[in-house]
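A look at the structure
Residues per chain, in single letters:
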Amino acid sequence: MSSPAAVPVETETSEPVLGDFGGGAFGIYVHVPFCATRCGYCDFNTYTAGELGTSASPQSWLDALRGELSTAAERFAALPSATPEVATIFVGGGTPSLLGGDGLADVLDAVRANFTLAAGAEVTTESNPESTDPAFFERLRAAGFTRISLGMQSAAAHVLKVLDRTHTPGRAVAAAKEARAAGFAHVNLDLIYGTPGESDSDLDASLDAVLSAGVDHVSAYSLIVEDGTALARRVRRGELPAPDDDVLAARYERIDARLTAAGLTWYEVSNWAAGPAAACRHNLGYWDGGDWLGAGPGAHSHVGGVRWWNVKHPARYADRVAAGGLPAAGWEALTADERYTERLMLAVRLRTGLPLAELDEFGAAAAGQIVADGLAARHEDHLVLTDRGRLLADGVVRRLLVP
Ligand SMILES: C[S@@+](CC[C@H](N)C(=O)[O-])C[C@H]1O[C@@H](n2cnc3c(N)ncnc32)[C@H](O)[C@@H]1O
Ligand code: SF4
């Protein structure tokens, strides 16, 4: 079935008009919109207990999540193709570990009650180091989770302080080891680099710590100063310097060199894994243009070229679910041009690269120049970023798209 016409909807009452599953991997993302405190750099859709007051709680959120999953399963059952088995689940946030092991087991049960998991499905949860302990990881393993992603950010106390992170420098590595001891073969540590005040030796200490943890996956993101955050206000007032592009590039190269030497190789510009089995299959589903349901406040979904996004506030989300229907704030059917742009933006960042045959005439000519400039190379009919090209991935995408 072809996709419906593009009808962006701004109201909070219209449901997306779904086309059909696209035939690729199917995943489910669950958004947990709670944090103990708000980190000054973060603009994710998350709320502290103080901000929510009595308007929403983990229990009201879980009840609403069950409702949304049930409605989504009904809508999918009406599509021409059978709903695919769920290949991957990713519980993200916010701080999923605030729900505790039992709460996260309830989340997984809610998904299982409405969808069929594929054999060998990847089931990840994000966790903040300070809200974990050995019993938590053992409970998750017993419940069926297969992968843990921990927000470490840095091993330097003063960097964690600038980021408003509440865990102590050693806690993330200890948590990763506890997860492994509980039977998790797949454990990720998230790093942030380029925080004001971070030195080269701070970064080295963070990398030493990451490598001592024995994890099979690392994500490293440069600190983004997001508009509207406390960090942006501090930078604007001159209290903190903005991250410097040259420093960020040098740090990225340092991270890549150390991780590569330790057997963790890049498979996406910001992600390294100890071999193909250690890559995050859920994120690969996004990057390969697969289908996914995003459940929970503010979550985004994509099925067969139709994208929709949920209302953001947990109380409004629960109201919408209680009223029946999907809690979408808006939706759009991607045009061919939008799909092309999105495909390029995602595929260029992958080590597998972009099939050259997918480029239009302008893109093919630009690719030749990009190769000549040493930013990408041709590998088996794919355009693959070089080491230097990875530092300039966004610019490469722009050159492929814009005259
Ligand atoms: C939004 S968090 C959710 C999981 C968990 N609460 C945590 O902090 O790890 C996922 C990742 O996004 C990173 N992140 C959030 N805002 C960022 C920013 N402005 N720049 C770079 N990384 C950011 C977090 O630090 C974290 O590693
Ligand atoms: S704990 Fe994670 S989601 Fe929560 S505010 Fe900090 S970075 Fe954002």
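This text follows the structure it describes.
The rules behind these values
Residues numbered from 1 in each chain as written. Chains lettered and ligands numbered in written order. Predicted model: local features only at pLDDT ≥ 70, side-chain atom pairs only at ≥ 80, totals over all residues. Heavy atoms only, no water. Pairing = 2+ DSSP bridges. Helix = DSSP H or I, 4+ residues; strand = E, 2+ residues; numbered from the N terminus. Right-handed = clockwise from strand over helix to strand, strands pointing away. Near = heavy atom within 4 Å. Nonpolar A, V, L, I, M, F, W, Y, C, P; charged D, E, K, R; others polar. Axes fitted to C-alpha atoms, helices over the stretch in contact; angles between N-to-C directions. Parallel < 35°, antiparallel > 145°, perpendicular 65-115°, else oblique. Left-handed = near helix turned anticlockwise from the far one by under 90°. Contact = heavy atoms within 4.5 Å. Buried < 20%, exposed > 50% of the residue type's maximum accessible area, 1.4 Å probe, protein only. Polar contact = N/O pair within 3.5 Å; in protein donor to acceptor, adjacent residues only side chain to side chain. Areas by Shrake-Rupley, 256 points an atom, 1.4 Å probe, with all protein chains shown as cover. Salt bridge = Lys/Arg side-chain N within 4 Å of Asp/Glu carboxyl O. Core = buried A, V, L, I, M, F, W, Y, C linked by side-chain atoms within 4.5 Å. Expected span 1.5 Å × (residues − 1). Arc of directions from axis to C-beta.

1. Focus on the pairing of strand β6 (residues 217-222)
Residues in a regular strand project their side chains so that they alternate between the two faces of the sheet. Sheet topology note: the strand β5 (residues 186-193)/β6 ladder contains six bridges and is parallel. Its bridge partner lying in β6, Ile 192 is registered against Tyr 221. In this view, the connection linking β5 to its parallel neighbour β6 by way of helix α7 (residues 200-212) has right-handed handedness. In this structure, β6 lies alongside strand β8 (residues 271-273), joined through three bridges in antiparallel fashion. Within β8, the residue paired with His 217 across the bridge is Ala 273.

2. Points about the site of ligand 2
Around ligand 2 sit Cys 35, Thr 37, Arg 38, Cys 39, Tyr 41, Cys 42, Gly 94, Thr 95, Asn 128 and Arg 165, and that is every residue in its neighbourhood. Tallied by class, residues from the shell around ligand 2 come to four nonpolar, four polar and two charged.

3. Details of the packing of helix α3 (residues 100-114) against helix α4 (residues 134-143)
When two helices pack together, their arrangement is captured by the angle between the axes and the distance separating the axes. As a packed pair, α3 and α4 sit with axes 8 Å apart at the nearest point and diverge in direction by 15°. Comparing the axis directions of α3 and α4 gives the class roughly parallel. For the element pair α3 and α4, the recorded crossing hand is right-handed. Here Gly 100, Gly 101, Asp 102, Leu 104, Ala 105, Leu 108 and Arg 112 of α3 lie close against α4, whose contacting residues are Phe 136, Arg 139, Leu 140 and Ala 143. Among the residues forming the contact of α3 with α4, the class breakdown is six nonpolar, two polar and three charged.

4. Structural notes on the packing of helix α2 (residues 58-77) against helix α11 (residues 314-322)
It is the contact of α2 with α11, at a shortest axis distance of 9 Å, that shows an interaxial angle of 40°. It follows from the interaxial angle that α2 and α11 lie oblique. α2 and α11 meet at a crossing whose hand is left-handed. Contacts between α2 and α11 involve Trp 61, Ala 64, Leu 65, Gly 67 and Glu 68 from the first element and Tyr 317, Ala 318 and Val 321 from the second. Across the contact of α2 with α11, the residue classes break down as six nonpolar, one polar and one charged.

5. With respect to the pairing of strand β1 (residues 26-32)
Taken across its seven residues, β1 has seven buried, putting it largely inside the fold. Bridge analysis of β1 against strand β9 (residues 291-295) gives five bridges, and the strand direction is parallel. Among the inter-strand pairings, Gly 27 is bridged to a residue of β9, identified as Trp 292. The pairing of β1 with strand β2 (residues 86-93) spans six bridges and is parallel. Note that in β2 the partner of Val 30 across the bridge is Val 91.

6. Things to note about the site of ligand 1
The local shell around ligand 1 holds 17 residues, among which Gly 94, Gln 153, Arg 165, Asp 190 and Ile 224 are the closest. Taking Gly 94, its main chain carries an N or O atom lying 2.8 Å from a nitrogen atom of ligand 1. For ligand 1, a nitrogen atom lies 2.9 Å from a polar atom in the side chain of Asn 128. For ligand 1, whose free accessible area comes to 540 Å², the fraction covered by protein is 91%. Of all the secondary structure elements, the ones that give two or more residues to the shell around ligand 1 are β4 (147-153) and β5. Across the shell around ligand 1, the residue classes tally to six nonpolar, seven polar and four charged.

7. Side note on the environment of Tyr 286
Residue position: Tyr 286 is located in helix α10 (residues 281-287). Expressed as a C-alpha distance, the spacing of Tyr 286 and Ile 192, which sit 94 residues apart in the sequence, is 22 Å. Once you skip the residues sitting within four places of it in the chain, Tyr 286 turns out to touch Tyr 29, Trp 292 and Leu 346.

8. Some details on the pattern of salt bridges
Inspection of the entire model under this criterion finds 21 salt bridges. Across the pair Arg 75 and Glu 15 runs a salt bridge whose closest N-O atoms are separated by 2.8 Å. Of this pair, Arg 75 sits in helix α2 while Glu 15 sits in the segment before β1, and the two are 60 residues apart along the sequence. When its relative accessible area of 27% is taken as the criterion, Arg 75 is described as partly exposed. For Glu 15, a relative accessible area of 25% gives the class partly exposed. Overlapping salt bridges bring together Asp 204, Asp 208, Arg 254 and Arg 258 as one network.

9. Some words on the nonpolar core
The tendency in soluble globular proteins is for nonpolar side chains to be buried side by side. By size, the foremost hydrophobic cluster in this structure holds 97 residues, and its most contacted members are Trp 61, Phe 76, Phe 115, Trp 308 and Leu 400. Of the residues forming this core, the biggest block, eight residues, is contributed by α2. Sequence-distant contacts of Leu 400, defined by excluding residues within four places in its chain, comprise Leu 344, Val 348, Leu 354, Leu 359, Phe 362, Gly 363, Ala 366, Ala 367, Ile 370 and Leu 383.

10. Concerning the sheet that holds strand β14 (residues 376-379)
Read from one edge to the other, the open sheet built from three strands follows the order β13-β15-β14, with strand pairing classed as antiparallel. The strands lining the two open edges of the sheet, one partner per strand, are β13 (354-355) and β14. Across two bridges, β13 lies against strand β15 (residues 382-385) in antiparallel orientation. For Leu 354, the partnering residue across the bridge sits in β15 and is Leu 383. Where helix α13 (residues 361-372) meets the sheet, it contacts β14 and β15, and its direction lies at approximately 110° from that of β14.

11. Some thoughts on helix α12 (residues 336-348)
Counted at 1.5 Å a residue, the expected span for α12 with its 13 residues is 18 Å, and the 18 Å between its end C-alpha atoms agrees. Among the residues of α12, those classed as buried are Tyr 340, Leu 344, Ala 347 and Val 348. Down the axis of α12, the smallest arc covering the buried residues is 90°, so these residues share one side. Contacts from the buried residues of α12 go to β13, α13, β15 and α15 (393-401).

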